[in-house]
Amino acid sequence: MIDALTDRLTARVPDLAGRIDGAAEFADLMQTKRLPASGVRAYVLPLGLAGLAADAATGVFRQSVRRAIAVVLLTRSVDAAGERALSRLAPLVDEIVGAVAGWAPGDETGVFELSRANIIPTDSGLLGYQVEFTIEDQLRITP
């Protein structure tokens with residue numbers, strides 16, 4: 001699902017083409033505190049899985065689940081209030097929401113829904129914005 005979402009963002013948000021990474025690169029950035037070279041970088045991260053209603057029929061266990069994914073945008077922030085950096089991120093947030101909300105990457109039972117989008121705390125001269133989506137799916141397990 002992460003790869004499909006990354007491909008979708010690359011195709012639908014041209015300013016992010018070649019600037020999207022995953023969880024390993026994000027973890028490295030947080031650990032080393034190395035700033036992105038220039039412009040805006042995006043990181044597509046899994047946020048988790050929540051179980052919803054379950055039912056068991058003869059020979060089958062079914063449970064609805066909600067998967068959460070975040071797109072984290074990071075850019076350098078050189079002004080104290082971060083206004084210039086925020087002006088770079090705001091249009092991208094709108095494009096990301098437009099590219100993902102209402103779309104499903106495969107045979108999930110639902111489509112991506114916007115959960116929330118907000119500025120996130122960062123340090124080392126970065127401004128961050130996290131856009132979170134959820135999608136419903138279903139587990140089907142036969143014993």
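What counts, and at which threshold
Numbering of residues begins from 1 in every chain and follows the order in which that chain's sequence is written. Reporting in this predicted model follows two pLDDT cut-offs: at least 70 for local features of residues, and 80 or more for side-chain atom pairs to be given and counted; totals over whole chains, interfaces and linings ignore these cut-offs and use all residues. The basis for every side-chain value is the complete set of non-hydrogen atoms in the structure, without hydrogens or water. Think of it this way: any DSSP run of H or I at least four residues long counts as a helix, any run of E at least two long counts as a strand, and we number them from the N terminus. Remark: exposure states derive from per-residue accessible area (1.4 Å probe, protein chains only) relative to the maximum for the residue type, with buried under 20%, exposed over 50%, and partly exposed in between. Where accessible areas are quoted, they stem from the Shrake-Rupley method and a 1.4 Å probe; at the residue level, only the protein chains shown are allowed to cover. pLDDT runs from 0 to 100 and stands for how confident the predictor is about each residue. For the purposes of this section, nonpolar cores are sets of buried Ala, Val, Leu, Ile, Met, Phe, Trp, Tyr and Cys residues that join through side-chain atoms within 4.5 Å. By definition in these notes, contact holds between two residues if any of their heavy atoms fall within 4.5 Å. We treat two strands as partners when DSSP finds at least two bridges between them. To get an axis, fit a line to the C-alpha atoms, keeping to the stretch in contact for a helix; angles then go from 0 to 180 degrees between the N-to-C directions. For Phe, Tyr and Trp, rings pair up if their centres lie within 6.5 Å, where Trp contributes its six-membered ring, and each pair is then called stacked (planes under 30 degrees apart), edge-to-face (over 60) or tilted (otherwise). Definition used for salt bridges: Asp or Glu carboxyl oxygen within 4 Å of a side-chain nitrogen of Lys or Arg.

Caption draft 1: Fine view of the overall build of the chain. When helices and strands are counted, the chain shows three helices and five strands. Counted from the first residue to the last, the chain has its helices and strands arranged as α-β-α-β-β-α-β-β. The burial tally for the chain puts 37% of its 143 residues in the buried class. Of the accessible surface of the chain, which amounts to about 7,900 Å², a share of 51% is contributed by carbon and sulfur atoms.

Caption draft 2: Main features of the confidence of the model for the chain. Confidence along the chain averages 87 in pLDDT terms, with 90% of residues attaining 70 or more. Summarising per-element confidence for the chain, the mean pLDDT is lowest in helix α3 (residues 83-100) (86) and highest in helix α1 (residues 2-12) (95).

Caption draft 3: Just the nonpolar core, in detail. Ranked by size, the top nonpolar core spans 24 residues in total, and within it Leu-9, Leu-16, Leu-73, Ile-96 and Val-100 carry the most contacts. For this core, the secondary structure elements donating two or more residues are α1, β2 (40-57), β3 (60-76), α3 and β5 (126-141). No other element matches α3, which puts six residues into this core. Apart from the residues lying within four places of it in its own chain, the contact partners of Ile-96 are Leu-9, Val-13, Leu-16, Val-71, Leu-73, Val-131 and Phe-133. Counting residues in hydrophobic clusters, the runner-up holds nine residues, among them Phe-26, Leu-29, Leu-74 and Leu-126.

Caption draft 4: How the structure looks around the sheet that holds strand β4 (residues 113-120). Here we have five strands laid out as an open sheet, ordered β1-β2-β3-β5-β4, and mixed in their pairing. Of all the strands in the sheet, just β1 (20-21) and β4 have a single pairing partner and so form its edges. Of the pairings in the sheet, the one linking β1 to β2 comprises two bridges and is parallel in character. Bridge assignment links Asp-21 to a residue of β2, and that residue is Tyr-43. Packing of helix α2 (residues 23-32) onto the sheet brings it into contact with β1, β2, β3 and β5, and relative to β2 it is tilted by some 125 degrees.

Caption draft 5: Representation of the packing of aromatic side chains in the model. Per the stated rule, a full pass over the model turns up three aromatic pairs. Where Trp-103 meets Phe-112, the ring centres are 5.9 Å apart and the plane angle is 20 degrees; that geometry is what we call stacked. Judged by relative accessible area, Trp-103 falls into the buried class, the value being 17%. A relative accessible area of 1% places Phe-112 in the buried class. What links up through ring pairs into an aromatic cluster is the set Trp-103, Phe-112 and Phe-133.

Caption draft 6: Broad picture of the side chain of Asp-137. For Asp-137, the location among the structural elements is in strand β5. Not counting chain neighbours up to four residues away, the residues in contact with Asp-137 comprise Gln-63, Ser-64, Val-65, Arg-67, Asp-107, Glu-108 and Thr-109.

Caption draft 7: Summary view of the pattern of salt bridges. According to the stated counting rule, one finds four salt bridges in the structure shown. Here Asp-21 makes a salt bridge to Arg-41, at a shortest N to O gap of 2.4 Å. Placement of the pair is Asp-21 in strand β1 and Arg-41 in strand β2, with a sequence separation of 20 residues. One salt bridge connects Arg-62 with Asp-55, and the closest N-O pair in it is separated by 3.1 Å. Take Asp-55: its relative accessible area is 36%, and that puts it in the partly exposed class.

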